[in-house]
Number of protein chains: 2
Amino acid sequence: MANVAFIGLGVMGYPMAGHLLKKGGHAVTVYNRTPEKAARWTREYGGRAAQTPRTAAQDADFVFCCVGNDQDVRSIAYGDSGAFAGMKKGAIFIDHTTASATLARELDQRAREQGLGFLDAPVSGGQSGAQSGQLGVMVGGEADVFDRAKPVLDLYARSCALIGPAGSGQLTKMVNQICVVGVIQGLAEGLNFGRRAGLDMEKVLSVIGKGAATSWQMENRWQTMLAGQFDFGFASDWMRKDLGICLVEAKVNGARLPVTALIEQFYAHVQARGGGRWDSSSLINLLAQD
Amino acid sequence: MANVAFIGLGVMGYPMAGHLLKKGGHAVTVYNRTPEKAARWTREYGGRAAQTPRTAAQDADFVFCCVGNDQDVRSIAYGDSGAFAGMKKGAIFIDHTTASATLARELDQRAREQGLGFLDAPVSGGQSGAQSGQLGVMVGGEADVFDRAKPVLDLYARSCALIGPAGSGQLTKMVNQICVVGVIQGLAEGLNFGRRAGLDMEKVLSVIGKGAATSWQMENRWQTMLAGQFDFGFASDWMRKDLGICLVEAKVNGARLPVTALIEQFYAHVQARGGGRWDSSSLINLLAQD
């Protein structure tokens, strides 16, 4: 049993922290910017709630963080009431936020200076994966730090792999999101085309769903996309944020992302239409003319 | 046992016609524009070779056609030496070519006028699917005509479904290709990004290959795309032709295809670089700057 702090009880962090306590039997202290949510969490799971990231992190062997973006991570990690100020030597800070590789390298550097371990560990699998403990965890950092953290991460991982040095987890998540949005846009154009052509889409999917066009998105989203159901899943706001990170990083590494850049603009259009909270499959809405 | 004609012994038609004879035990007469290929086919499988589509189609219960494009189909179907001129009343013309929905409706109309049956039945699954008899067959036409043809089509089909009236097979194939190229382009951008970011792509795929980014293309093409192997599979020339058909049809039905239209231009670029015969996954080549 370890002492664990979990900072950020959003749709992902809330159930993830729960697994650490319920499945892992760890002593979990939570912190959330909105304290009501931390109180709700302790009522549901037990454990303790702290008033600041710093107090949450005191005595913790592992400090997990799962918040919105680079700025959120900096605000909970740094400063007088930040987690780093409270952590003991040898403890490990694990960032599950999807954030920039630059931030990951910066956190890694700061952690080293303080004698802490650091892992960037963004996840895939969404809210349902977090709830069922079946996330994909993409990790950047040192091998010995990863080895110590892996048994804890496995409490909510379907797969958990060390990809390379600090930042590699974030870069891997970027590869994931770039692939995902290409699939979604192609699927959106294909489904909308088929619908406008008057095809029986159930029959269409019965054939094309078995060949070279298949994808997780096709299998899991074609029906909801055609039905216009988008009040679930991974919000377009978050996808646009993630693609923004990809585009910034692509300027660093020189990769060209012509379609990803276009789709980032499509999500801006979804947002402008009030769909920021819609699932990222709502790109199909932009194609409907009626 | 039926009398069957097969016109067009390309990489798809050659093994498909073989299944009709070997697996189905049908009496197969083949025709190919280049007669040497027809001679090779009869040496390999038996059956007969005809000098014109018309003579191939005489006495046939089913006349199959698998050629390059709309114009090729018209040239083997119409005219004095065309298949329609030789077909007996009640025989069925089945077009496996990926062609326009307009052509399918035109063939259907002409066939009706002559008391023939017609099915548009483009396939997916590529050369390997044709060889193993595991194609996806997307069919447009009348139900009673489909029911008569299905046992024969099943000789090389993994799945074979009637989607709707004449043209529906072609439109379904278009949906398939639109979805495929979105997946390929997203995958190309993701893989190229990851490589430029210095990631160990085998490790990256071990995680992202299990979640929302997965696709048939990712599973079957990520290694060949990164290795630059494109001397196999479905040629970029053919994919560009198929996307051209989609874009024409989209003007008819009003569907917007912003990314598909862009990718059609990317294939034009692949062709301009001499890659017309490269597999359609070669879109990744356009992203490499070195």
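Residues numbered from 1 in each chain as written. Chains lettered and ligands numbered in written order. Predicted model: local features only at pLDDT ≥ 70, side-chain atom pairs only at ≥ 80, totals over all residues. Heavy atoms only, no water.

Side note on the overall build of chain A
The number of helices and strands found in chain A is 13 helices and nine strands. Relative to the globule expectation of 19 Å for 290 residues, the C-alpha radius of gyration of chain A, 20 Å, shows essentially globular dimensions. Seen through its principal axes, chain A has C-alpha atoms that stretch 65 × 45 × 35 Å. Burial status across chain A gives 61% buried among its 290 residues. (Helix = DSSP H or I, 4+ residues; strand = E, 2+ residues; numbered from the N terminus. Rg over C-alpha atoms; globule rule 2.2 N^0.38 Å. Buried < 20%, exposed > 50% of the residue type's maximum accessible area, 1.4 Å probe, protein only.)

With respect to the relation of the copies chain A and chain B
Of the transformation placing chain A onto chain B, the axial shift is 0.0 Å and the rotation is 180 degrees, giving an RMSD of 0.0 Å. Classification of the inter-copy transformation places it as that of a two-fold axis. Among all residues of chain A, the one whose C-alpha sits closest to the rotation axis is Ser215 of chain A, at a distance of 1.9 Å. In this assembly, 100% of the residues forming the interface of chain A have copies in chain B that are likewise at the interface, indicating an isologous arrangement. (Least-squares fit on C-alpha atoms with pLDDT ≥ 70 in both. Contact = heavy atoms within 4.5 Å.)

A look at the confidence of the model for chain A
With 99% of its residues at a pLDDT of 70 or more, chain A has an overall mean of 97. For this predicted complex, the interface score ipTM comes out at 0.96, while the overall pTM is 0.96. (pLDDT = per-residue confidence, 0-100.)

Thoughts on the interface of chain A and chain B
Contacts between the two partners involve 61 residues from chain A, matched on the other side by 61 residues from chain B. For the chain A and chain B pair, buried surface summed over both sides reaches about 5000 Å², with 68% attributable to carbon and sulfur atoms. Remark: the boundary between chain A and chain B carries 12 residue pairs in polar contact (both at pLDDT 80 or more). Mapped onto the side of chain A that touches chain B, the elements with two or more residues apiece are strand 8 (135-141), strand 9 (157-164), helix 9 (168-196), helix 10 (201-208), helix 11 (216-227), helix 12 (236-253) and helix 13 (258-272) of chain A. Across the side of chain A that touches chain B, the residue classes tally to 33 nonpolar, 20 polar and eight charged. (Buried area = accessible area lost by both parts, 1.4 Å probe. Polar contact = N/O pair within 3.5 Å; in protein donor to acceptor, adjacent residues only side chain to side chain. Nonpolar A, V, L, I, M, F, W, Y, C, P; charged D, E, K, R; others polar.)

Focus: the nonpolar core
Grouped together as the largest cluster of nonpolar side chains are 88 residues, with contacts concentrated most on Leu191 and Phe193 of chain A together with Leu191 and Phe193 of chain B. Not counting residues up to four positions away in its chain, the partners in contact with Phe193 of chain B are Leu171, Met174, Val175, Ile178, Cys246, Glu249, Ala250, Asn253, Ala255 and Leu257 of chain A. (Core = buried A, V, L, I, M, F, W, Y, C linked by side-chain atoms within 4.5 Å.)

Here's the deal with the side chain of Asp72 of chain A
All names here are of chain A. You can see Asp72 is positioned in helix 4 (residues 70-77). Separated by 3.1 Å, the side chain of Asp72 and the backbone nitrogen of Gly68 make a polar contact. With near-sequence residues (within four places) excluded, Asp72 lies in contact with Arg33 and Val67.

Some points on the packing of helix 4 (residues 70-77) of chain B against helix 6 (residues 101-113) of chain B
All names here are of chain B. In contact at an axis separation of 10 Å, helix 4 and helix 6 are set at 15 degrees when each is read in the N-to-C sense. Comparing their axes, helix 6 and helix 4 come out roughly parallel. Note on packing geometry: the crossing formed by helix 4 with helix 6 is right-handed. Residues Asp70, Val73, Arg74 and Ala77 of helix 4 form the contact with helix 6, whose participating residues are Leu103, Glu106 and Leu107. Taken together, the residues that form the contact of helix 4 with helix 6 break down as four nonpolar, no polar and three charged. (Axes fitted to C-alpha atoms, helices over the stretch in contact; angles between N-to-C directions. Parallel < 35°, antiparallel > 145°, perpendicular 65-115°, else oblique. Left-handed = near helix turned anticlockwise from the far one by under 90°.)

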